[in-house]
Amino acid sequence: MALASRTQSSFLLAAAVAIAAAGCGGAPASAPASSPSAPAAASKMAPDFELKDLDGKIVRLSDSKGTVRLLDFWATWCAPCREEIPMFRDLAAAYGPKGFNLVGIAMDDEGLPVVKPFVEQNKLTYATLLGNEAVAKSYGPLVGFPSKFLIDREGRIVASWVGPVPREVLEQKIQSLL
């Protein structure tokens, strides 16, 4: 009985480590970050939403219709999410003038009091919205953070990922849609 219990405990510990290594509650470590995590979602129309930005203004996904959009579901406490911020600033600056919109959807339970100072301190130059369970469910189930959805000019989800994604992978996909 003790051996079975130790084996089960070892398995659970290994599984927890694999999940943590992939992102904040993300995909198994064996899944490469550059692989779309939800191919079934590809080519599905992106659900529209209404979320507040950090100034309380209502923003809809449909407000940026006709552009290529990358939705990034993230949280301030998520280390892989924070590591992608410099790359996202660069991508927004490089491709924004060409019709690309990067939208960060902060999923922190504490909301504005935690997210706004974080955004200011880390100089996020792209749109940041306060997420909620309804938008997460419409794009989900989200299995971890960061979770990203690339949307073409027609509003179709063409790729999605869980966990950090190499810049080259995102840049190639964005360029192909612009």
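Residues numbered from 1 in each chain as written. Predicted model: local features only at pLDDT ≥ 70, side-chain atom pairs only at ≥ 80, totals over all residues. Heavy atoms only, no water.

K.L.:
Looking at this structure, I do not really get the overall build of the protein. What am I missing?
P.N.:
Summing up its helical and strand segments, the protein has five helices and eight strands in all. Going from N to C terminus, the protein has its helices and strands arranged as α-β-β-β-β-α-β-α-β-α-β-β-α. Of all 178 residues assigned to the protein, the portion counted as buried reaches 43%. For the protein, the exposed area adds up to about 9300 Å²; of that, 58% sits on carbon and sulfur atoms. (Helix = DSSP H or I, 4+ residues; strand = E, 2+ residues; numbered from the N terminus. Buried < 20%, exposed > 50% of the residue type's maximum accessible area, 1.4 Å probe, protein only. Areas by Shrake-Rupley, 256 points an atom, 1.4 Å probe, with all protein chains shown as cover.)

K.L.:
What's the story with helix H2 (residues 79–95) in this structure? I'm lost.
P.N.:
Side chains three or four residues apart in an α-helix point the same way, a direct result of the helix having 3.6 residues per turn. Here H2 contains 17 residues, and its C-alpha end-to-end distance of 25 Å stays within 8% of the 24 Å for a straight helix at 1.5 Å per residue. The largest bend in H2 is about 35°, located at isoleucine 85, with the proline proline 86 one to four residues further on. Of all the positions in H2, only Pro80, Cys81, Glu84, Ile85, Met87, Phe88, Leu91, Ala92 and Tyr95 are classed as buried. Buried residues along H2 sit against strand E4 (68–74), strand E5 (100–106), helix H3 (112–121), strand E7 (147–151) and helix H5 (167–177). (Expected span 1.5 Å × (residues − 1). Bend = angle between axes of the 7 residues up to and from the residue. Contact = heavy atoms within 4.5 Å.)

K.L.:
Teacher, can you tell me more about the pairing of E5 here?
P.N.:
On any regular strand, side chains alternate: one points to one face of the sheet, the next to the other face. Counting buried positions along E5 yields six of seven residues, so the element is predominantly enclosed. Relative to E5, E4 runs parallel, the two being bridged by seven bridges. When the bridges of E5 are listed, leucine 70 appears paired with leucine 102. Relative to strand E6 (residues 127–130), E5 runs parallel, the two sharing four bridges. The residue bridging alanine 106 from the neighbouring strand is leucine 130, located in E6. (Pairing = 2+ DSSP bridges.)

K.L.:
Whenever I open this one, the sheet that holds E5 confuses me. Can you help?
P.N.:
The strands making up a sheet associate through hydrogen bonds between their backbones, and the pairing can be parallel or antiparallel. Ordered in space as E1-E8-E7-E4-E5-E6-E2-E3, the eight strands form an open sheet in which the pairing is mixed. Pairing within the sheet leaves two strands with one partner each, and these edge strands are strand E1 (44–45) and strand E3 (58–60). Across two bridges, E1 lies against strand E8 (residues 156–162) in antiparallel orientation. Bridging across to E8, methionine 45 finds its partner in arginine 156. On the sheet, H3 packs against E4, E5 and E6 and is oriented at approximately 170° with respect to E6. (Axes fitted to C-alpha atoms, helices over the stretch in contact; angles between N-to-C directions.)

K.L.:
What is the right way to read the pattern of salt bridges from this model?
P.N.:
In a structure, side chains of opposite charge can pair up when their charged atoms sit close to one another. The tally for this structure, following the rule as stated, stands at seven salt bridges. With a closest N to O distance of 3.1 Å, glutamate 50 and arginine 60 form a salt bridge. In this pair, glutamate 50 is assigned in strand E2 (residues 50–53) and arginine 60 in strand E3, connecting sequence segments 10 residues apart. Given the relative accessible area of 33%, arginine 60 is considered partly exposed. Aspartate 152 serves as the salt-bridge partner of arginine 156, at 2.8 Å between the closest nitrogen and oxygen. The class for arginine 156 is partly exposed, based on a relative accessible area of 32%. (Salt bridge = Lys/Arg side-chain N within 4 Å of Asp/Glu carboxyl O.)

K.L.:
Help me out: how do you make sense of the nonpolar core in this one?
P.N.:
One broad rule of soluble globular proteins: the nonpolar side chains tend to lie buried together. Counting residues in hydrophobic clusters, the biggest one holds 46 residues, and the most contacted among them are Phe49, Leu71, Phe73, Ile105, Tyr139 and Leu170. By residue number, the principal contributor to this core is H2, which donates seven residues. When neighbours within four sequence positions are excluded, tyrosine 139 is seen to be in contact with Ala46, Pro47, Phe49, Leu61, Leu71, Phe73, Phe149, Ile151 and Ile157. (Core = buried A, V, L, I, M, F, W, Y, C linked by side-chain atoms within 4.5 Å.)

K.L.:
Help me understand the pairing of E8, please; the structure alone is not making it clear to me.
P.N.:
Burial within E8 is extensive, with five of its seven residues counted as buried. In this structure, E7 lies alongside E8, joined through five bridges in antiparallel fashion. When the bridges of E8 are listed, serine 147 appears paired with valine 162. Counted between consecutive antiparallel strands, the loop separating E7 from E8 contains four residues, among which glycine 155 sits at a positive phi close to 95°.

The values reported here are purely geometric and, on their own, carry no functional implication.
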